[in-house]
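Chain and residue survey
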Amino acid sequence: MDDMKRGRLAIPDFQRSFVWDPADTQKLLVSIIARYPAGTLLFWEQKTPQIKRRSFEGFNVQLKESATLVLDGQQRLTSIFQALTGTGQQRFYVDLALLGSLDSGASGLLDASRLDDVIVYREVNARSLRKRPPADAVEEIRQSLFPLSLIESELIEEWLDNMEEAAEGEDWKVRRSEVRQLVRRYLRPIGNYRFPVVELPEATPLDAVCRIFETINRTGVKLSVFELLAARFWPAGVDLRRGWEEVQRKHPILASFEVDAYYLLQAVSLRSTAENSQGVRASAQRSDVLELTPTEFEKYWDQVAQGAARALAFLREECGVLAPKWLPYSMMLVPLAAVWHEVESKRSTESGAALRRIRRFFWCSVFSRNYDQGSNSQAGKDFTDLTSWLNDGENMPEAVDGFTFAGEILDTARTNLQALYKGVMALALSSGARDFHSGSHLTPGKILEERVDAHHIFPKKYLEERGNPGNSELILNRALIDKRTNQSIGKRAPSEYLATMEEGLGEEEVSGILQSHLLPADRNSALWHDNYEAFLLSRKDLVVKAIDSVTSE
């Protein structure tokens, strides 16, 4: 702990923060009191920093130039430090009464199987007074709780002197002697506990260090490519984390659509591999992303971040992707971010044609479900073909070239076909879908405010009561409906709730709302006559026509 306080130990920046639950700390302390092994620490020697590092949580210290990196052991060391210094959100204690009952005398050995309840903790900010730390030493003694924060302190005797006030008729001198023995025999050794340490030499390659870290990580959490590159770029003066924070501030749509930073790194990889191979090969594979250099990152990062932001804005405004939930394939953002500079390089007279091609590519990819499998390879191929196509080349993206949509798939397609499901909802939104409650056009704000989601047109319970439970979850039986309207629909027949809507909005308005959701609107339609099977056929025809329209522009 002295090394932690003095900045002689640090942790790699790619490591997660301190996340242990207080129960984990309890178990560790029980093992230490019982003098059981509590695992090995893994260190990496450093004479000069090779990767970005930080101090342990709770330590605001200046790290030494040669601070050793802790690859495995951060959670254990931090939890012990917090317990023994009385920092963090919990305060840890030893139940003296229970410990005394387990005392085996001079051997100083305890049966860990009976120690589970010896370590207790109190929450500093607990609402209940009973769950908070005792107010002072007298109260701690009365509750038979010895604070672990005193183990390495000179204040133990001062704490013991409070026993006379806390005794309440008990022979406090005898009790103080007993507690002093327990502290000496079982608690003082906690501060002297030593973990076995394995230390890697400074010359160990970063990739090898990361593989070792992933292998021994006790939670099985794998390091992300972003974390690996952040560590690798730092010695070159490139702060990847700050770069990601900055582009999110500059382009808020990246945060609102919950874009993964890895997608931008993949887009950078597409640009760099295409340039390095003179357009022969573009790759978004993990292995190629890991080979990115700081120079390549700095060359393309801002461009692809802007490309991703403008691609998302285009999809939101032109393709009905009004919310992250309705983006059929997040991976499609990778080739779009990488190729968007081609769109923006066009003269105003050419940009419209380029955007029409982007829109057609989007819809064809969604309804051919081209990104269901092998999405990394697909992104590389699409980037190459899009680059050519946008520059009037002959190579159409494969999703566009010869696109056909078999409408029969909608006969059985359920909402678990996520891309197809999201695509149909986005198609309705791009067609001007209107709010079932007010009749106004749905917008990103209204979707959030009115809690609009895809709900059943023929209610599930309505169909179950009529012996149709098996296919209520078809995509064709969904439309974007606000929460209030959906609650009023309940399990009513369509003809019943549509009539209620007409009373408030009028026949023409309700007809317009239904049409905007690609639903049969005529009062003689199957929807108004509560004929589910016929409704599915009518809805399918409308959806297929809309798909044909957006994929053949």
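To start, this report covers the structure provided alongside it. (Residues numbered from 1 in each chain as written. Predicted model: local features only at pLDDT ≥ 70, side-chain atom pairs only at ≥ 80, totals over all residues. Heavy atoms only, no water.)

Here we take up the overall build of the chain. Helices and strands together make up the secondary structure of the chain, namely 26 helices and 10 strands. Computed over the C-alpha atoms, the radius of gyration of the chain is 32 Å, more than 25% above the 24 Å expected from 2.2 N^0.38 for a compact globule of 553 residues. Along the first, second and third principal axes, the C-alpha atoms of the chain reach 95 × 65 × 35 Å. For the chain, with 553 residues in total, the buried portion stands at 52%. Contacts in the chain between residues far apart in sequence, at least 24 positions, make up 75% of those at least 6 positions apart. Surface summary for the chain: the accessible area is close to 26000 Å², and the carbon and sulfur share equals 46%. Computed over 68 positive and 79 negative side-chain charges, the separation of the two mean positions in the chain equals 2 Å. (Helix = DSSP H or I, 4+ residues; strand = E, 2+ residues; numbered from the N terminus. Rg over C-alpha atoms; globule rule 2.2 N^0.38 Å. Buried < 20%, exposed > 50% of the residue type's maximum accessible area, 1.4 Å probe, protein only. Contact = heavy atoms within 4.5 Å. Areas by Shrake-Rupley, 256 points an atom, 1.4 Å probe, with all protein chains shown as cover. Lys, Arg positive; Asp, Glu negative; His and termini not counted. Charge placed at Lys NZ, Arg CZ, Asp CG, Glu CD.)

What follows deals with the side chain of Arg478. Along the chain, the position of Arg478 falls in strand β10 (residues 478-481). You can call Arg478 buried: its relative accessible area is 10%. Ignoring any residue separated from it by four or fewer positions in sequence, one finds Arg478 in contact with Thr415, Tyr421, Met425, Ala454, His455, His456, Ile457, Glu473 and Arg539.

This part covers the packing of helix α13 (residues 261-276) against helix α16 (residues 333-344). Relative to each other, α13 and α16 sit at 50°, their axes nearing to 8 Å. Between α13 and α16, the angle is such that the two are oblique. Of the two elements, α13 crosses α16, and the hand of that crossing is right-handed. Side by side, α13 and α16 meet where Tyr263, Gln266, Ala267, Leu270 and Arg271 of the first sit next to Val334, Pro335, Ala337, Ala338 and His341 of the second. In terms of residue class, the contact of α13 with α16 is built from seven nonpolar, two polar and one charged. (Axes fitted to C-alpha atoms, helices over the stretch in contact; angles between N-to-C directions. Parallel < 35°, antiparallel > 145°, perpendicular 65-115°, else oblique. Left-handed = near helix turned anticlockwise from the far one by under 90°. Nonpolar A, V, L, I, M, F, W, Y, C, P; charged D, E, K, R; others polar.)

A positive phi angle, close to 65°, is found at Arg35, a residue other than glycine. Residue position: Arg35 is located in the loop between α2 (22-33) and β2 (41-44). A positive phi angle is found at Leu518, which is not glycine, with a value near 60°.

This part covers the pattern of salt bridges. In the structure shown here, the tally under the stated rule is 26 salt bridges. Notably, a salt bridge pairs Glu178 with Arg175, separated by 3.5 Å at the nearest N-O pair. Of the two residues, Glu178 and Arg175 are both situated in helix α8 (residues 172-191); the distance of three residues between them amounts to about one turn of the helix. Among the salt bridges present, the one from Glu509 reaches Arg434, with a minimum N-O distance of 2.4 Å. (Salt bridge = Lys/Arg side-chain N within 4 Å of Asp/Glu carboxyl O.)

Note that strand β5 (residues 90-95) and strand β6 (residues 119-123) share five bridges and pair antiparallel. What sits directly across from Arg91, in β6, is Arg122. Across three bridges, β5 lies against strand β7 (residues 145-147) in antiparallel orientation. When the bridges of β7 are listed, Val94 appears paired with Phe146. (Pairing = 2+ DSSP bridges.)

These figures come from the coordinates and say nothing about function on their own.
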